[in-house]
Amino acid sequence: VQTCALPIFELSYPEASASRSELLKFLDSAGIAASESDVAMADATAEASEEGSGTEENGAEKPKEQVLVPATSDPCAEVDVYVQLLLLVFLIDHKKIETAVACSNSLIEKVSAVHRQTMYALGAKAFFYHSRCYELTGKLVEIRGKLLSAFRTATLRHDDEGQAVLLHLLLRNYLHYNLFEQADKLLSKVSFPDTASSNQLRSEERRVGKECRSRW
């Protein structure tokens, strides 16, 4: 897999962007050079460009190399959240957990400030990794109220993907502290969204539900 010809931050944000500065601060806090993260994050997305021009064996001309230029304006909220999500996963993979917690807090603020359907899938992933950060630090209890609030919001907005992920995270949160009665009450009041896309999450919800009832 090839990497971008220009760093992902430079491709996504102008030099004076406040969002870019914030993301780079997270890297500085973790003691990671921006160039190192650029390579890993670019590899995590897709191949950035085709090989240089030339001719195929059949004589057809090969596609010319794509020219990539720095951004001149801030990206839309979805792109901003996506880039920060990549950074968050990068920090977790490199075990920079304290910095990842701060990054995830910032990410959730961004997700919660945008109220449109194009953010639903990204928001669900953001909450998943947000919870993972707090799980790794042993502080899951600190975000339980935030997860409950987000779950209610996702329900009101008919955000099925968000409901599915947040229900899963709430059950994991309760079981982490052996709160089987609370987990059972939650399951008795809600149901897994039928239109949610993840079969794995449905299966996990059923498994957790059985575990709740068997232990309580």
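### Re helix α5 (residues 97–112)
Taking 1.5 Å of rise per residue, the 16 residues of α5 would be expected to cover 22 Å, and the 22 Å separating its terminal C-alpha atoms lies within 8% of that figure. For α5, the complete set of buried residues consists of I97, T99, A100, V101, C103, S104, S106, L107, I108, K110 and V111. As for α5, its buried residues are in contact with α2 (18–30), α4 (77–93), α6 (120–136) and α7 (144–156).

### What about the packing of α5 against α6?
Where α5 contacts α6, the axes come no closer than 9 Å and their chain directions differ by 150°. In terms of orientation, α5 and α6 fall into the roughly antiparallel class. The element α5 and its partner α6 pack so that their crossing is left-handed. Touching I97, A100, V101, S104, N105, L107, I108 and V111 of α5 are G123, A126, F127, H130, C133, Y134 and L136, all from α6. Of the residues assigned to the contact of α5 with α6, the class counts are 11 nonpolar, four polar and no charged.

### Observations regarding unusual backbone geometry
Even without being glycine, H158 reaches a positive phi, approximately 60°. Looking at the secondary structure, you find H158 in the loop between α7 and α8 (160–176). By relative accessible area, which is 65% here, H158 ends up exposed. Backbone geometry at N178 places phi at a positive 60°, although glycine is not the residue there. Relative to the helices and strands, N178 resides in the loop between α8 and α9 (180–189).

The rules behind these values
The residue count restarts for each chain, going from 1 along the sequence in the order it is written. Selection of residues for local features in this predicted model requires a pLDDT of at least 70, selection of side-chain atom pairs for listing and counting requires 80 or more, and totals for whole chains, interfaces and linings are taken over all residues. The side-chain values count all of the structure's non-hydrogen atoms but skip hydrogen atoms and water molecules. Helix and strand definitions here come from DSSP, where helices need a minimum of 4 consecutive H or I residues and strands a minimum of 2 consecutive E residues; each element is numbered from the N-terminal end. Take the residue count of a helix, subtract one, and multiply by 1.5 Å to get its expected span. With a 1.4 Å probe rolled over the protein chains alone, any residue whose accessible area is under 20% of its type maximum counts as buried; one over 50% counts as exposed, and the rest are partly exposed. Throughout, a contact is declared for two residues whenever any of their heavy atoms are within 4.5 Å. Geometry is summarised by axes, namely lines fitted to C-alpha atoms with helices restricted to the contacting stretch, and by angles between N-to-C directions that run from 0 to 180 degrees. Here the angle decides the label: under 35 degrees means roughly parallel, over 145 means roughly antiparallel, 65 to 115 means roughly perpendicular, and every other value means oblique. Note on convention: the crossing is left-handed when the near helix lies turned anticlockwise from the far helix by less than a right angle, right-handed when the turn is clockwise. Residues are grouped as follows: Ala, Val, Leu, Ile, Met, Phe, Trp, Tyr, Cys and Pro are nonpolar; Asp, Glu, Lys and Arg are charged; all remaining types, including Gly, are polar.

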